[in-house]
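Notes for the structure review
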Amino acid sequence: MNGTLSVVTIVLSLALAAWAAVTAARNRPPDRGHLLGLAVVEASIVALLGAAVASVATGGRPASAGTFIGYVVTILLLPVLGAVLARLEPTRWGAGVVAVIGLTVPVLVLRLQQTWSAATSG
């Protein structure tokens, strides 16, 4: 797993979460900017997973392939699901959904890193 891409993904996601939380606190619905933010986070996730695939091609392996694939599927679908739910809920709670997605993605990135590093340390 690429450490730099992981950090970029985490920072982007947390920035989006903070922005969406402020929007929700101001009693505003999510706007196109929030959806664009989710798309940027998704792009960084795809880049991170591309780096993981490249690492597998050169001999790297996660400790548990099943767990790793489960996290990969979840992290890929989460921003897309968040965008759909935010569009379906045009109230402050839509912005709340974006904030929760923004807080969940860093946790999943860290779990992906832990799953990957467990294979290299053990």
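See above for the structure.
Right, let's walk through the structure included here.

Calculation rules
- Residues numbered from 1 in each chain as written.
- Predicted model: local features only at pLDDT ≥ 70, side-chain atom pairs only at ≥ 80, totals over all residues.
- Heavy atoms only, no water.
- Helix = DSSP H or I, 4+ residues; strand = E, 2+ residues; numbered from the N terminus.
- Rg over C-alpha atoms; globule rule 2.2 N^0.38 Å.
- Buried < 20%, exposed > 50% of the residue type's maximum accessible area, 1.4 Å probe, protein only.
- Core = buried A, V, L, I, M, F, W, Y, C linked by side-chain atoms within 4.5 Å.
- Contact = heavy atoms within 4.5 Å.
- Phe/Tyr/Trp six-rings, centres within 6.5 Å; stacked < 30°, edge-to-face > 60°.
- Lys NZ or Arg CZ within 6 Å of the ring centre and 35° of its normal.
- Expected span 1.5 Å × (residues − 1).
- Bend = angle between axes of the 7 residues up to and from the residue.
- Patch = residues over 30% accessible without salt bridge, like charges linked within 9 Å, V, L, I, M, F, W, Y side chains within 5 Å.
- Areas by Shrake-Rupley, 256 points an atom, 1.4 Å probe, with all protein chains shown as cover.
- Salt bridge = Lys/Arg side-chain N within 4 Å of Asp/Glu carboxyl O.
- Axes fitted to C-alpha atoms, helices over the stretch in contact; angles between N-to-C directions.
- Parallel < 35°, antiparallel > 145°, perpendicular 65-115°, else oblique.
- Left-handed = near helix turned anticlockwise from the far one by under 90°.
- Nonpolar A, V, L, I, M, F, W, Y, C, P; charged D, E, K, R; others polar.

Scanning the protein from N- to C-terminus turns up 4 helices and 0 strands. Counting from the amino terminus, the protein carries its helices and strands in the arrangement α-α-α-α. Computed over the C-alpha atoms, the radius of gyration of the protein is 15 Å, within 12% of the 14 Å expected from 2.2 N^0.38 for a compact globule of 122 residues. Per-residue burial for the protein yields a buried fraction of 35% across its 122 residues.

On to the environment of Q114. With respect to the element layout, Q114 can be found in helix α4 (residues 92-121). The exposure class assigned to Q114 is partly exposed, which follows from its relative accessible area of 42%. The spacing of Q114 and A17 is 97 residues in sequence and 23 Å in space, taken between C-alpha atoms.

Nonpolar side chains in soluble globular proteins tend to end up buried together. Counting 22 residues, the largest nonpolar core has I75 and V105 as its most contacted members. Put simply, the parts of the chain that give this core at least two residues each are α1 (3-25), α2 (32-57), α3 (65-88) and α4. Among the elements that line this core, the one with the most residues is α4, at 8 residues. When near neighbours in sequence (up to four residues on either side) are disregarded, I75 contacts E42, I45, L49, V105, L108, V109 and L112.

Summed over the entire model, instances satisfying the criterion amount to 1 aromatic pair. R92 extends its terminal NZ or CZ atom over the ring of W93, reaching a point 5.3 Å from the ring centre.

Before going further, it helps to examine α3. Here α3 contains 24 residues, and its C-alpha end-to-end distance of 34 Å stays within 8% of the 34 Å for a straight helix at 1.5 Å per residue. Of all the bends found along α3, the most pronounced is centred on L78 and spans about 30°, while P79, a proline, follows it within four residues.

Below, the discussion takes up α1. With 23 residues, α1 extends 33 Å from end C-alpha to end C-alpha; this agrees with the ideal 33 Å at 1.5 Å per step. Along α1, the residues classified as buried are S6, T9, I10, S13, L16, A17, A20, T23 and A24. In the segment just after α1, N27 is the residue with positive phi, at about 60°.

Moving on, we get to a nonpolar patch on the surface. On the surface, V80, L81, V84, L85 and L88 cluster together into a nonpolar patch covering about 450 Å² of accessible area. Relative to the assigned elements, V80 resides in helix α3. Overall, the relative accessible area of 44% leaves V80 in the partly exposed class.

A separate point is the packing of α2 against α3. Where α2 contacts α3, the axes come no closer than 10 Å and their chain directions differ by 165°. As the angle between them shows, α2 and α3 are arranged roughly antiparallel. Of the two possible hands of crossing, α2 and α3 adopt the one that is left-handed. For the pair α2 and α3, the contacting residues are L35, L38, E42, I45, V46, L49 and A52 in the first and F68, V72, I75, L76, P79, V80, G82, A83, A86 and R87 in the second. A class-by-class count of the residues in the contact of α2 with α3 yields 14 nonpolar, 1 polar and 2 charged.

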